[in-house]
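Inside the fold
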Amino acid sequence: MIPGAFAYHRPASVKDAVGLLSQFGDDGRALAGGHSLIPMMKLRLATPANLVDLAGIAELKGIRAEGGDIVIGAMTTQHELTASELLTSKIPLLRETSLVIADPQVRYLGTLGGNVANGDPGNDMPAVMMCLGATYQLAGKGGERRVAAREFYQGAYFTSLEPGEIVTAVRIPVPPAGHGYAYEKLKRKVGDFATAAAAVVLTMSGGKVATCSIGLTNVAETPLWAEDAAKILTGSALDAATVKAAVTAAEAITAPATDARGPARYRTKMAGVMLARALARAKSRAA
Ligand SMILES: Cc1cc2nc3c(=O)[nH]c(=O)nc-3n(C[C@H](O)[C@H](O)[C@H](O)COP(=O)(O)OP(=O)(O)OC[C@H]3O[C@@H](n4cnc5c(N)ncnc54)[C@H](O)[C@@H]3O)c2cc1C
């Protein structure tokens, strides 16, 4: 319950943070809200000799519109996502998702950057970012680059981040006005990670699905983008038979672990149930 000894660093710029992390290599870790990393350190599952706290870096904060995108600084807290009028009007899926992450205490400190960079398949934001077609802005010793959320996750706790690199911001294309959206999450109790969850963003035209995107949480080693399921739904009126076919396609790409949240088959089936619910709710919200 007591973490190993570590040195604490508090840089004031991205350049300095990246410099420190590059210098420390495997002996350094970025610290954001600490609500995934500190528990891991207390369990001695992570034993970094150096913590590089990103909290003093002003350029990592804030939510702004830029062209057709919303850009959210990595150190923006999950609570700030729920409180943003810009996000609530432009990408309400983010508020809906934030509100089912943990509890207010965690959300006051936990950050968007930490949630997407952590690589835990139980984190809720990664599948939502895949669903929304978001891009992560990264900064490292070699400069800046962008990686699509759909290409970022390689395995459990294994992402495209290079040593010394940090997520500086998340860039999300604003979905069309009148889009339908939903995040449906099954959890055992308030504050729990998902047994299974599904994110949906869709647009309707003439009673038919014009565009559709689906993300799935905690039913594989990585978050999943259910591209084939979304293709099945496109052009349909979301009738029962088509939804069933899409659910089957989504279930087919899952590979959850059997754990305290249930056997693998149950969790796969719950992913299907969450998807069907999310589709129905997204449709009811679409203009
Ligand atoms: C009781 C409890 C319940 C929770 N329930 C949920 C839940 O239901 N859903 C959910 O999604 N999460 C849940 N969480 C986790 C919470 O959302 C964390 O805040 C989040 O996963 C990590 O964000 P953080 O800012 O706390 O990051 P930290 O814990 O500080 O860091 C997490 C990891 O990401 C790295 N990192 C952090 N920021 C960056 C960055 N900008 N660039 C590169 N690497 C970075 C760190 O080095 C570390 O490896 C829960 C946590 C607790 C304690």
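Note that the coordinates shown come from a computational prediction; the quantities given were computed from them, not determined experimentally. (Residues numbered from 1 in each chain as written. Predicted model: local features only at pLDDT ≥ 70, side-chain atom pairs only at ≥ 80, totals over all residues. Heavy atoms only, no water.)

A positive phi is found at A102, a non-glycine position, where the angle reads about 50 degrees. Looking at the element boundaries, A102 is found in the loop between α5 (92-98) and α6 (104-109). When its relative accessible area of 16% is taken as the criterion, A102 is described as buried. The backbone of N218 shows a phi angle near 65 degrees, a positive value even though the residue is not glycine. Counting through the fold element by element, N218 comes out in the loop between β13 (208-217) and β14 (224-225). (Helix = DSSP H or I, 4+ residues; strand = E, 2+ residues; numbered from the N terminus. Buried < 20%, exposed > 50% of the residue type's maximum accessible area, 1.4 Å probe, protein only.)

Right, let's get into the nonpolar core. L94, M129, Y136 and I172 are the most contacted members of the largest nonpolar core, which has 34 residues in total. In terms of residue count, the dominant contributor to this core is helix α8 (residues 125-132) (6 residues). Not counting the four nearest positions on each side in its chain, Y136 is found in contact with V116, P126, M129, R145, R146, V147, A149, F152, Y153, A169 and V170. Within the second largest apolar cluster, 30 residues are counted, among which are C212, A250, A278 and A286. (Core = buried A, V, L, I, M, F, W, Y, C linked by side-chain atoms within 4.5 Å. Contact = heavy atoms within 4.5 Å.)

As a further point, take the site of the ligand. By nearness alone, 30 residues border the ligand, and A30, S36, L37, T111 and D124 come closest of all. Here an oxygen atom of the ligand and a backbone polar atom of H35 are 2.8 Å apart. Between N115 and the ligand, the recorded distance is 3.0 Å, taken from a side-chain N or O atom to an oxygen atom. Considering the ligand on its own, with 960 Å² of exposed area, one finds that the protein chains cover 91% of that surface. Counting residues per element, the ones that place at least two in the shell around the ligand are β2 (28-31), α7 (112-117) and β10 (166-173). (Near = heavy atom within 4 Å. Polar contact = N/O pair within 3.5 Å; in protein donor to acceptor, adjacent residues only side chain to side chain. Areas by Shrake-Rupley, 256 points an atom, 1.4 Å probe, with all protein chains shown as cover.)

Together, M1, I2, L43 and L45 line one region of the surface with nonpolar side chains, adding up to about 510 Å² of accessible area. Considering the arrangement of structural elements, one finds L45 in the loop between α2 (37-42) and β3 (50-53). (Patch = residues over 30% accessible without salt bridge, like charges linked within 9 Å, V, L, I, M, F, W, Y side chains within 5 Å. Salt bridge = Lys/Arg side-chain N within 4 Å of Asp/Glu carboxyl O.)

The 4 strands are arranged β11-β12-β13-β14 in an open sheet whose pairing can be described as antiparallel. The sheet is open, and its two edges are formed by β11 (180-186) and β14, each paired on a single side. Judged from the 2 bridges that link them, β13 and β14 form a sheet pairing that is antiparallel. Residue pairing for β14: L216 is matched across the bridge by L224. (Pairing = 2+ DSSP bridges.)

Residue position: L54 is located in the loop between β3 and β4 (63-66). Setting aside its immediate chain neighbours within four residues, L54 contacts A17, A30, L31, L60, M75 and I166.

Honestly, that's just the spatial picture; any functional story needs more than this.
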